Amino acid sequence: MIVMKFGGTSVEDASAIRNLTEIVKKQVTRKPVIVVSACAGITNQLLQTATLASHGKKEEALNNVVAIESRHKKIVKDLVDGDTQKFLNRHFAQIAEELTALVNGVAVLGELTPRSLDTFAAYGELMSSFIIHHYLESQKIKSFWVDARSFMKTDEHFTKAAVQFDSTEQKLKEIVLPKVNNGYVVMTQGFIGSSSHGITTTIGRGGSDYSAAIIGALLDADDIQIWTDVDGILTSDPSVVKDAKKIKVMSFNEAAELAYFGARVLHPETILPAVRKNIPVHVLNSKNPTSTGTMIVAKPKIDKRCVVKSIAYKEGITLIGIVSTRMFLAHGFLENVFDVFHKYETVVHTVATSEVSVTVTVDNVKNLSNIVRELKHFSTVTVTDKKAIVCIVGDNLRNSPGLAVKMLSPITDVNINMISQGASEINFSFVIDEEHVDDVVMRLHKQLFANAGEFQEIFE
Ligand code: ADP
Ligand code: ASP
Ligand code: MG
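This one's a predicted model, so the numbers in the text were calculated from it and none came from an experiment.

A. Representation of the pattern of salt bridges. This model, assessed by the stated rule, comprises 21 salt bridges. In this structure, R30 engages D223 in a salt bridge whose closest nitrogen and oxygen atoms are separated by 3.7 Å. Highlighted residues: R30 in the loop between helix 1 (14-25) and strand 2 (32-36) and D223 in strand 8 (residues 223-228), separated in sequence by 193 residues. With relative accessibility at 35%, the residue R30 sits in the partly exposed group. One salt-bridge network, in which partners are shared between bridges, spans D303, R305 and E454.

B. Inspection of the environment of G232 at higher detail. Looking at the secondary structure, you find G232 in the loop between strand 8 and strand 9 (249-251). Sequence separation between G232 and T292 is 60 residues; the distance between their C-alpha atoms is 8.2 Å. In this structure, G232 is in contact with K246, V265, V283 and T294, ignoring residues within four places of it in sequence.

C. Looking closely at the environment of L266. With respect to the secondary-structure elements, L266 resides in the loop between helix 8 (252-260) and helix 9 (271-277). Separated by 33 residues in the primary sequence, L266 and I233 place their C-alpha atoms 8.5 Å from one another. L266 has contacts with D209, I226, I233, A255, A259, I271, V283 and I296, leaving out every residue within four places of it along the chain.

D. Representation of the environment of I131 in the model. By the element assignment, I131 lies in helix 5 (residues 114-138). Counting along the chain gives 111 residues from I131 to L20, while the straight-line C-alpha distance between them is 12 Å. Contact partners of I131, with chain neighbours within four places excluded, come to I17, H72, I75, V76, L79 and F92.

E. A look at the side chain of K314. Assignment of secondary structure puts K314 in strand 12 (residues 310-324). Setting aside chain neighbours within four positions, we find K314 in contact with Y260, F261, G262, H349, D363, K387, A388 and I389.

F. Region of the structure containing the nonpolar core. Formed by 86 residues in total, the largest nonpolar core has its most connected members in I296, V390 and F430. If near-sequence neighbours (up to four positions away) are discounted, I296 is found in contact with I233, M250, S251, F252, A255, L266, I271, P280, V281 and V283. Formed by 46 residues, the second largest nonpolar core is a distinct cluster that contains V11, I42, A53 and I75.

Rules of the game
Residues numbered from 1 in each chain as written. Chains lettered and ligands numbered in written order. Predicted model: local features only at pLDDT ≥ 70, side-chain atom pairs only at ≥ 80, totals over all residues. Heavy atoms only, no water. Salt bridge = Lys/Arg side-chain N within 4 Å of Asp/Glu carboxyl O. Helix = DSSP H or I, 4+ residues; strand = E, 2+ residues; numbered from the N terminus. Buried < 20%, exposed > 50% of the residue type's maximum accessible area, 1.4 Å probe, protein only. Contact = heavy atoms within 4.5 Å. Core = buried A, V, L, I, M, F, W, Y, C linked by side-chain atoms within 4.5 Å.

Right, here's the structure in full:
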């Protein structure tokens, strides 16, 4: 079997869903489990609806509910007619009623919990997958719609729930596998799950990729396909670098580094389940399905001369400088520093250290004031926001002498706040002012990929 995941733009309207159906038809014999996102923009709209309700803007929230209902009914109208259309219209009217009840509830309470946010957000994937299921059936494809909350089991860390692999595997084998083996195309949702108490959860924004990888890994898929709106993983974000090239093949490690450092095309956790089972991941373009996409495998055969694969960046970064006020050589300093970040559940991206000072970057500043307060018990702390991390990724960086000079020579006029080369030795990253990020990425790309034409088996 294979897993095919379609992102928001690949299910955004009737024409996208027709494309999806053609793509699925061609691979029906490979026993696909299809994982879909909400129609593009719907998750944001649902979350905004919840927020408006909690801020007392009930009318605006209810206008959103109407807009969400109309958007889905329009897709239905464009795709199916007769009884199926009537049935789906009733279904979406019912969902609009449920959302209205939720808006009223939140508006009365004036409070919005992470648990309620997940309840709102889950509707996006439930709605898109339901339309697609019925359209596949209308196209004579034997489809089985399954609510992912019945098998994707998580803890109750709402909005970023952790998947519980053992119970999810058991449920998948109980609920999904028999249908796959009976010749059904299984249609389900990414992003959503439920706790052992049956409460709706979500696994983090952009998490449908991760759902697909988990399903693929736990059911031993032959292939995990991530269908999106670009030709594959590119040498940089195409919205910044217009002539970014497609990477034909890359390693799991490279893809994971890129995801962690902001390349939105893949959710950071996606790769992990696939790596464990050594299942290839393909990133493909639903708007250009004949393009071969990017293949991510454990150990690609690559030309050792090709050093850099891609440049990613992450904005909204805060730099925290921590200098020990204790004696020189005092032990336990680093431990104390990281204990504080651990206590406040804040992920540190990059770190640079000396014996008495540490500089770290974070993007989650929810608990920043508590973190700074505690760090100040044993150090002097400086905080600077509006920074960006630029990250250069490539398996062969580790064997490349003179690396730093090569990477930084195109941008000698830019002030660099911190440099770090990861332990994996396949990423080289540095921190700059956010306002320079587009310019820096464009200049680096121009220089570092000037000879990409020499590596035709890697770039296209
Ligand atoms: P989906 O809804 O299919 O999950 P996303 O919007 O999450 O799609 O991810 C695809 C987008 O990621 C692309 O449209 C592109 O703008 C952006 N992107 C950022 N960096 C890269 C990169 N290195 N390669 C490809 N796409 C990238
Ligand atoms: N719909 C969810 C989001 O927008 C999950 C996803 O698309 O991957 O974050
Ligand atoms: Mg995505």
